Amino acid sequence: MESIDKRTCALSIVGMAFVWAPLHTSGHYPLSLVFTSQTAPVAEISAYHIVYTIAFVLVAAILMLARRRVQEALDRSRTLPFACAAVGLLGSGLLAASPLFAGSSSIAVGVGMVLTALSTASLLIAWGSRMASFDTRSTALCVTGSYLAFSALWLACALANIETTALLVIAPLISGGCLGLLAPAAPRAWVFDPSALKELPYGFVAPCLIFVYFGIICVKALTAMQIGISVGALSNLHLVVTAAAGLVICMAVLALFRAKGYAQSTLVLVFALLVLCYMASLLAVMLGLDSDYQSFLGKRALVGSEHVIEALLACTAHEKRLSPVLGFGLFATLVVAVPQFIASDLMYQTGLLGALSHLDLVVPLVAVASFAIAAVAIGLLVRVSTRAAQAPAMPAGNWQEELCRTALGSLDLSPREFDVAVLAYRGYSAKKIASTLYVSESTVKTHTSHVYRKVGIHSKQELIAFIDAFRTEG
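Note that the coordinates shown come from a computational prediction; the quantities given were computed from them, not determined experimentally. Every chain is numbered independently, its residues counted from 1 as its sequence is written. The predicted nature of this model means local features are confined to residues of pLDDT at least 70 and side-chain atom pairs, given and counted, to a pLDDT of 80 or more, with totals for whole chains, interfaces and linings taken over all residues. Where side-chain values are given, they derive from all heavy atoms of the structure, hydrogens and water being excluded.

What about the packing of helix H16 (residues 415-425) against helix H18 (residues 441-455)?
Link 1 in the chain: Comment: axis = line fitted to C-alpha atoms, over the contacting stretch for helices; angle = value between 0 and 180 degrees taken between N-to-C directions. To qualify as a helix, a DSSP run of H or I must reach at least 4 residues; to qualify as a strand, a run of E must reach at least 2; elements of each kind are numbered from the N terminus. Relative to each other, H16 and H18 sit at 90 degrees, their axes nearing to 9 Å. With respect to each other, H16 and H18 are oriented roughly perpendicular. Contacts between H16 and H18 involve Arg 416, Glu 417, Val 420 and Ala 421 from the first element and Val 444, His 447, Thr 448, His 450, Val 451 and Lys 454 from the second. Every angle not falling under 35 degrees, over 145, or within 65 to 115 is termed oblique; those three ranges are roughly parallel, roughly antiparallel and roughly perpendicular. Here a residue-residue contact requires only that any non-hydrogen atoms of the pair lie within 4.5 Å.

What follows is the structure, given as structure tokens:
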């Protein structure tokens, strides 16, 4: 994987910042671009947003199903990002100009939402794919740096009371343009193996997902209790505090990554601190029920924490051994689209949001559920930390890896199959390989059989002899 230069880093931070912008500046994006949305009935807004969510998920699903061709197109061409930018600009422009279409405004909104969904999902996955060609540390710094840049821009606009509509209209153009200006990545062969799903660090990912879902739904419920279920009820002060909270939290995360590097231990530490921040924010909400100011600050900090956890999950989607298109397709669906759909549209359409706005038991139920979730998350973190401490360290020398790369580089091994081959060449047993890579022994055996088949051998000794032959030639 490549170590990026300053130009690539700058373009990545700016480009990703304008991916976060439409996702987090409005809970009902892209309808916030429609000037009449503030006065439209909630039922109409929800119905439109359901169409957008369905289109978004369908685009992500299609890209995931065609991931090999999509990956090849992203690696070989610069035109695809510019095409996504043009589609997004057209879609957001239609939404912003929809009142001008008079009797056809509903058609303009519908077409605009579908085009915007196509662009937003595609750009998110395309950026994830591009960052998969970076080394792990560069990816972590770019993702967190991009969220930091977005938060700073959002805060500046909110403080200056600048309407973000124009910013959201041009966001796909800036994001796609930055991506298109990057040099194409070196072609990669990503082979999906269902066993790769077993390798995901569920002890880390699961608590993150729980906090994302719970955070969005919890804040929506508490907000409904305070201001009802009307759309567009957040004031400029809400936006200022939310952006400031995200900025401060993200600065702390970025500082930790820069100081300690992007290792699993750092991820665990960062998430532990986010859990503490999250729970402190919720405690402020609970204790501040008689104080609108304290409750308000607590809820805004909750949103800021949840947003940064999403950025952290984007780093994890890159790190794992799934193909980038598949990894970020799942991220786009499970982290970006579905939580907002549940919290806003599903809760409204089922009448749950309206019921919560009149239910006094919401706060104690939220409190009990939150602390139970925190306890489970901390338990999972302890388990992950313990496994990391007990796992044998990888050998310091790199000559075996380089030799394996020379011998096996042309055999279309997946990244995880290559890791297993390197450790097998070093003499590791299947049990030790499983412990080192945080996978099961059955998964190791599956990867090993794939390596043997691709090399055309039948045992570890034959693998060692095959690789040693290249050492002798060197």
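What follows picks up the thread again.
Some points on the pattern of salt bridges
Link 1 in the chain: Take a side-chain nitrogen of Lys or Arg and a carboxyl oxygen of Asp or Glu: if they are within 4 Å of each other, that pair is a salt bridge. Counted under the stated rule, the structure contains two salt bridges.
Link 2 in the chain: Among the ionic pairs, Asp 419 bridges to Arg 416, the shortest N-O distance being 3.5 Å. With Asp 419 and Arg 416 both in helix H16, this residue pair falls three residues apart, about one helical turn.
Link 3 in the chain: Residue classification places Arg 416 among the buried residues on the basis of a relative accessible area of 10%. Burial classes: relative accessible area under 20% of the type maximum marks a residue as buried, over 50% as exposed, and values in between as partly exposed (1.4 Å probe, protein chains only).

Describing the packing of aromatic side chains
Link 1 in the chain: For this analysis, a ring pair means two rings from Phe, Tyr or Trp (six-membered ring only for Trp) whose centres lie within 6.5 Å, classed as stacked if their planes differ by under 30 degrees, edge-to-face if by over 60, and tilted for the remaining angles. Per the stated rule, a full pass over the model turns up six aromatic pairs.
Link 2 in the chain: Seen from their ring centres, Trp 20 and Tyr 147 are 5.5 Å apart, and the 80 degrees between their planes marks the pair as edge-to-face. Placement of the pair is Trp 20 in helix H1 (residues 6-24) and Tyr 147 in helix H6 (residues 136-159), with a sequence separation of 127 residues.
Link 3 in the chain: Summarising the aromatic geometry, the rings of Tyr 29 and Tyr 52 are spaced 6.2 Å apart at their centres and angled 90 degrees between planes, so their arrangement reads as edge-to-face. Of this pair, Tyr 29 sits in the loop between H1 and helix H2 (42-65) while Tyr 52 sits in helix H2; the two residues are 23 residues apart in sequence, bridging distant segments of the chain.
Link 4 in the chain: What makes Tyr 52 buried here is its relative accessible area of 6%.
Link 5 in the chain: An aromatic cluster is defined as three or more aromatic residues linked by ring pairs; in this entry it consists of Trp 20, Tyr 147, Phe 150 and Trp 154.
Link 6 in the chain: Only when the NZ atom of a Lys or the CZ atom of an Arg is both within 6 Å of the ring centre and within 35 degrees of the ring normal do we say a charge sits over the ring. One residue, Lys 432, lies across the ring of Tyr 428, its end atom 4.4 Å from the ring centre.

Overview of the packing of helix H5 (residues 105-131) against helix H7 (residues 165-181)
Link 1 in the chain: Contact geometry for H5 and H7: axes closest at 11 Å, N-to-C directions at 30 degrees. With respect to their mutual orientation, H5 and H7 come out roughly parallel. Classified by chirality, the crossing of H7 by H5 is left-handed. Contact residues: H5 offers Ser 119, Leu 123, Ala 126, Trp 127 and Arg 130, while H7 offers Pro 172, Ser 175, Gly 176, Cys 178 and Leu 179. By the definition used in this description, the sense in which the near helix is turned from the far one sets the handedness, with an anticlockwise turn below a right angle giving left-handed and a clockwise turn giving right-handed.

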